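# Residue-level structural notes
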Amino acid sequence: DRFLAFKVFDEAFAGRGTRAVKMCEELEQTSDAYLTMGAFVSQAGKKLEVGRPKAINVIRILAKADLDMKSTAVDGWKILKIALLKIASK
């Protein structure tokens, strides 16, 4: 499902972090962590455009995760899953 990344993000945004992580594990089998990050950022931007205040904090979380993906040796998927849990808890 090519829209799975968007669904994963929406689950986290709705506060369902555990479900989002489980779905992310499915996505991990067929996609690239960096492309998935791009999809998450795209969805966050759309939420910001429609006036969802939570989107500002979500963009901050994703920005930090993006920097971590580019500057640490930690697996990108682990960083994404942590970001999903942080998004869900906001």
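How each quantity is defined
Residues numbered from 1 in each chain as written. Predicted model: local features only at pLDDT ≥ 70, side-chain atom pairs only at ≥ 80, totals over all residues. Heavy atoms only, no water. Helix = DSSP H or I, 4+ residues; strand = E, 2+ residues; numbered from the N terminus. Expected span 1.5 Å × (residues − 1). Buried < 20%, exposed > 50% of the residue type's maximum accessible area, 1.4 Å probe, protein only. Arc of directions from axis to C-beta. Contact = heavy atoms within 4.5 Å. Polar contact = N/O pair within 3.5 Å; in protein donor to acceptor, adjacent residues only side chain to side chain.

### Quick word on helix H3 (residues 33–49)
Between its terminal C-alpha atoms H3 stretches 24 Å, which fits the 24 Å expected from 17 residues at 1.5 Å a residue. Within H3 the residues assigned to the buried category are Ala33, Thr36, Met37, Ala39, Phe40, Gln43, Ala44 and Lys47. The buried residues of H3 occupy an angular sector of 160° when projected down its axis, which confines them to one face. Pointing more than 90 degrees away from the buried face of H3 are the exposed residues Leu35 and Glu49. Considering only its buried residues, H3 is in contact with helix H1 (4–13), helix H2 (17–28), helix H4 (54–71) and helix H5 (76–89). With a side-chain oxygen positioned 2.9 Å from the backbone nitrogen of tyrosine 34, the residue opening H3 is aspartate 32. Positive backbone phi, at 85°, marks glycine 51, one or two positions downstream of H3.

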